[in-house]
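Spelled out, the chains give:
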Amino acid sequence: MLTSCAAWRPEVSEAAWPDSIPPRAEFAALYEEDDANRAVQSEREYLLWIKRFYVGWRLYGQGWNDLVPDVMAHVADPLARLELTRELNDTGKIIAGEWAKDVDSRRIETRHLAIWGEAMREAVVRGDPEDMVRRIIADVNDLMDQTLSRDAIDDDRYYAVDANDVFR
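Keep in mind that what you see is a predicted model, and the values were worked out from it rather than measured.

Caption draft 1: Fine view of the overall build of the protein. In terms of regular secondary structure, the protein is built from eight helices and zero strands. Buried residues in the protein amount to 36% of all 168 residues. Relative to all contacts within the protein whose residues are 6 or more apart in sequence, the contacts with residues 24 or more apart total 59%. Of the roughly 9900 Å² of accessible surface on the protein, 52% is carried by carbon and sulfur atoms.

In structure tokens:
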């Protein structure tokens with residue numbers, strides 16, 4: 001039984017690709033364009049991480065498809081909500097396409113995802129999700145343009161960490 005679990009490989013074929021995420025072909029094309037990453041990572045592995053970004057996985061159950069609607073539900077203005085959702089969907093493609101790469105090839109790290117997710121959830125609590133979403137989108141673009149260092153995205157970037165918080 002354990003042997004079959006170890007040998008199990010999640011499907012990333014077109015037929016098994018979820019309808020709730022952007023088309024597989026878009027990410028397959030990104031993979032093909034990146035010679036450096038292709039040299040160290042298989043397309044199967046890359047596409048698996050794309051799926052995990054959007055739908056989550058065993059170690060992190062909430063994916064982008066869960067986070068975006070949760071945050072957008074707290075944007076009161078329907079037109080702003082529609083526009084921000086579109087912007088987050090576009091930004092999600094950028095994040096997914098970069099984060100899914102081999103760890104040594106990517107500009108967007110797992111810790112960035114955790115920080116952004118926490119910042120958006122905190123923004124909902126504080127009542128300013130629109131501003132936070134715009135800040136995160138700007139930071140993603142700056143990371144990709146290499147005008148922002150990966151190290152600049154830390155726990156204090158969006159909200160100061162409480163030094164008395166025993167869980168941090």
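Caption draft 2: The arrangement of the nonpolar core in detail. Counting 38 residues, the largest nonpolar core has Trp 64, Trp 116 and Tyr 158 as its most contacted members. Those elements that provide at least two residues to this core are helix H2 (24–33), helix H4 (43–55), helix H5 (64–72), helix H6 (78–99), helix H7 (110–126) and helix H8 (129–145). Not counting the four nearest positions on each side in its chain, Trp 116 is found in contact with Ile 95, Ile 108, Ile 136, Val 140, Leu 143, Ile 153 and Tyr 158.

Caption draft 3: Region of interest: H2. Of all the positions in H2, only Arg 24, Phe 27, Ala 28 and Tyr 31 are classed as buried. The buried side chains of H2 occupy one side of the element, clustering within an arc of 105° when seen end-on. On its buried side, H2 packs onto helix H3 (35–38), H4 and H6.

Caption draft 4: Region of the structure containing the side chain of Glu 87. Tracing the sequence through the fold places Glu 87 in helix H6. Setting aside residues no more than four positions away along its own chain, Glu 87 makes contact with Arg 134 and Ile 137.

Caption draft 5: Structural detail: the packing of H2 against H6. Two numbers describe how H2 lies on H6: the axes approach to 10 Å, and their chain directions differ by 45°. As judged from the angle between their axes, H2 and H6 are oblique. Regarding H2 and H6, the two cross each other, and that crossing is right-handed. Across the interface between the two elements, Glu 26, Phe 27 and Leu 30 of H2 pack against Lys 93, Ala 96 and Gly 97 of H6.

Caption draft 6: Region of interest: unusual backbone geometry. With phi around 60°, Gln 146 is a residue other than glycine that occupies positive phi space. On the secondary structure map, Gln 146 appears in the segment after H8. According to the relative accessible area criterion, Gln 146 is exposed, its value standing at 58%.

Calculation rules
Position numbers for residues start from 1 in each chain and track the written sequence from start to end. Restriction of local features to residues with pLDDT of at least 70 applies here, the model being predicted, together with a cutoff of 80 or more for giving and counting side-chain atom pairs; totals for whole chains, interfaces and linings are based on all residues. No hydrogens and no water enter the side-chain calculation; it runs on all heavy atoms of the structure. Numbering of helices and strands starts at the N terminus; helices are DSSP runs of H or I of at least 4 residues and strands are runs of E of at least 2. Think of it in three bands: residues with accessible area under 20% of the maximum for their type are buried, residues over 50% are exposed, and the middle band is partly exposed, with areas taken using a 1.4 Å probe on protein chains only. The contact definition used throughout considers only heavy atoms, calling two residues in contact when any of these lie within 4.5 Å. Only the protein chains shown count as cover for residues, and all accessible areas are computed by the Shrake-Rupley method using a 1.4 Å probe. Side-chain atoms within 4.5 Å are what join buried Ala, Val, Leu, Ile, Met, Phe, Trp, Tyr and Cys residues into a set we call a nonpolar core. Note: the arc covers the axis-to-C-beta directions of the helix. Axis geometry follows a simple rule: fit a line to the C-alpha atoms, using only the stretch in contact for helices, then measure angles between N-to-C directions, giving values from 0 to 180 degrees. For classification purposes, angles smaller than 35 degrees are called roughly parallel, those larger than 145 roughly antiparallel, those between 65 and 115 roughly perpendicular, and all remaining angles oblique. Left-handed describes a crossing whose near helix is turned anticlockwise from the far helix through less than a right angle; right-handed describes the clockwise counterpart.

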